[in-house]
Amino acid sequence: MGAVLLSPLYILANIYLAARLLRWFSTLNSFLGSLWFIVPFFVCYAFLALTPLLAAFTRGRVKAWTKRISNYWLGILMYLLIFLILMDLSRMVIRLLQHRSVLAEYGTFYYRIAAGIAICAAAILSLYGIRHAAKIKKTHYDVTVQKDCSLPALKIALVADLHLGYNVSLRHIQRVRNTIQSIHPDLIVYAGDIFDNEFEAVPHPKKAAAILGSLKSTYGSFACWGNHDIEELILAGFTFHSGNSKVSSDPRMNAFLKKAGIRLLEDETVLIADSFYLCGRLDASCKEKSGTIRLTPSEITAGLDPARPVFIIDHQPSQLKELSAAGADLVLSGHTHDGQMFPGNVTTRIGWMNSCGKLVLGSMTSIVTSGAGIWGPAMRIGTDSEVVEIQVNFKKTV
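About the cut-offs
- Residues numbered from 1 in each chain as written.
- Predicted model: local features only at pLDDT ≥ 70, side-chain atom pairs only at ≥ 80, totals over all residues.
- Heavy atoms only, no water.
- Axes fitted to C-alpha atoms, helices over the stretch in contact; angles between N-to-C directions.
- Helix = DSSP H or I, 4+ residues; strand = E, 2+ residues; numbered from the N terminus.
- Parallel < 35°, antiparallel > 145°, perpendicular 65-115°, else oblique.
- Left-handed = near helix turned anticlockwise from the far one by under 90°.
- Contact = heavy atoms within 4.5 Å.
- Nonpolar A, V, L, I, M, F, W, Y, C, P; charged D, E, K, R; others polar.
- Pairing = 2+ DSSP bridges.
- Buried < 20%, exposed > 50% of the residue type's maximum accessible area, 1.4 Å probe, protein only.
- Polar contact = N/O pair within 3.5 Å; in protein donor to acceptor, adjacent residues only side chain to side chain.

J.: Which residues make up the packing of helix α2 (residues 35-57) against helix α3 (residues 60-96), and what values do they have?
T.: Between α2 and α3, the least distance of the axes is 8 Å, while the angle of their chain directions is 125°. Comparing their axes, α3 and α2 come out oblique. Like other packed secondary-structure pairs, α2 and α3 cross with a definite hand, here left-handed. The residues of α3 that touch α2, namely those facing Y45, F47, L48, A49, T51, P52, L54, A55 and A56, are K63, T66, K67, I69, S70, W73, L74 and L77. Here the contact of α2 with α3 is built from residues that sort into 12 nonpolar, 3 polar and 2 charged.

Here it is as C-alpha cells:
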C-alpha cells in the first residue's frame, strides 16, 4: 500500500530530476543538449527509475542485478533531489531579494556551477555512504540490573537488522561474525530482521549459516523475528499483501537458523543457567500480516519469578512503558536503523521513545541497535552498522 501511495511522488521526483540533469548537461556543451544525447540519456534514466519495479516482478539473476542497482539508485536519487532542490530554493531567494538582473546576466553560468556542485556533492556523499555501510562498529553499553543473580555478570552481543539479502555479501556476514566473536559473549541475541523478506536473496545460504554457526558463546544464540522475516512481494522496500502472499517466515529461514545454531523464540520464554529469563516476542506486525495476536507485555511475563532478571527480545521498541510495568529488566531491540541515512537519523527520534542507544525507564533498560545491515538504499550516512556489546552487572537488593 505504501508503494502505491508514494508512486506519484516517485514519478514526479524522477521527472524533476531528469529535467534538471538535462538542463545542466545542455549548459556544458551544445551536443549534450541535442537529441543525439537526450534520447540515450532518457533510455538509461528510465531503466534506473524502473529498477524498483523490475526487481519486484523478475526472477533469478535478472532480479538480483536489478535489485542491487535499485538499492544504489534509490540512495543516489534521494541525495540528488536534496541538493538540486536546495539549489532551486537558493535561486528563488535570489529572485525574492530582487536580484533578477544578476540571474538574467549570469543565469546559465550560475546554473552550470550550482548544479555541478549539487551533483558532485550527491555523488561524493553517495560513494561515502556505500563504503561506510560495509564497516562494522562495536558499541559498548553498561547495564546494572537491580536483582539477585547467581551469575556475577553477563556479557551480551546484540545484533539486529542483518537483512540477509541482496545488500549483504558473505564478506559482510564474516565481518559481523568476527565482531561478535571479539566480544567473547556469554549470550548472543539477534533482535529480528535477520532476513530481507526473500530467502532466495541470501548469498550462499549454507556458507552464511556456517559462518554464523561458528560463533562461540557460553549460553548460545537466540532470536526473535522482525517485520522483514517474511516472504512477500516487495516494491521499493514496501510489502504488498494479497490472498496469495506468504505472511509467515519461509520454512527455509527456520532451517537456516537451526543450521546456524540460533534458537528462535516466538512469544516464548526460556530460563538460562537457572539464573535469568530470556523472552522472545513475536513482532508487532504479526497481527497486521497474519491475524496472529502476540502476547501482551504482562502476558509474556506472567508466571515468571519476579526475583529473577527478565530479558526481552522485541524487534520494534514500541511498548517500552508497558514492558517496564510488566517487570522487564532489559529490552533488546532494533528495527529503526537509527534512520540509516541523514536526515533519517533526525526524524526517527521523533517517532520513537528510544530510537537508538540506551534508555533507562524506571528499573528497566532499553537498548536499541542501529543494526548490522542495511535496508533499501545500499548506504549509511550519519549512522553506523554496528554490533552492540552489553556488559550486564547484577546488584544484589538489600
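J.: Describe the sheet that holds strand β14 (residues 385-394), naming the residues involved and giving the relevant values.
T.: The strand order across the open sheet built from 6 strands is β1-β14-β2-β3-β4-β7, with neighbouring strands paired in mixed fashion. Every other strand in the sheet has two partners, leaving β1 (136-145) and β7 (262-264) as the edge strands with one partner each. Between one strand axis and the next, the sheet turns through 25° on average, direction left out of account. In this sheet, β14 lies alongside strand β2 (residues 153-159) in antiparallel orientation, the contact comprising 6 bridges. Within the sheet, the bridge partner assigned to L154 lies in β14 and is V392.

J.: Which residues make up the side chain of T58, and what values do they have?
T.: Within the fold, T58 resides in the loop between α2 and α3. Of the residues examined, T58 reaches a relative accessible area of 18% and is grouped as buried. Within the local environment of T58, its side chain forms a polar contact with the backbone oxygen of L54, the two atoms lying 2.6 Å apart. Once you skip the residues sitting within four places of it in the chain, T58 turns out to touch K63 and T66.

J.: Go over the side chain of T179 with me, naming the residues and quoting the values.
T.: Structurally, T179 is set in helix α5 (residues 170-183). Those residues in contact with T179 that lie beyond four places of it in its chain are I136, K138 and V387.

J.: Tell me about the environment of T369, and name the residues and values.
T.: For T369, the position within the fold is in the loop between β13 (364-368) and β14. Spatially, the C-alpha atoms of T369 and L332 are 8.1 Å apart, while their sequence positions differ by 37 residues. When neighbours within four sequence positions are excluded, T369 is seen to be in contact with L158, A160, S333, G334, T336, C356, E386 and V388. At 2.9 Å, the side chain of T369 and the side chain of E386 are in polar contact.

J.: Tell me about the sheet that holds strand β8 (residues 268-272), residues and numbers included.
T.: Working definition: the strands of a sheet are paired by backbone hydrogen bonds and lie parallel or antiparallel to each other. Read across the open sheet, the 6 strands follow the order β8-β9-β10-β11-β13-β12; overall the sheet is mixed. Whereas interior strands pair on both sides, the edge strands pair on one side only; in this sheet they are β8 and β12 (357-361). Here the strands of the sheet are splayed against their neighbours by 20° on average, with no regard to which way each runs.

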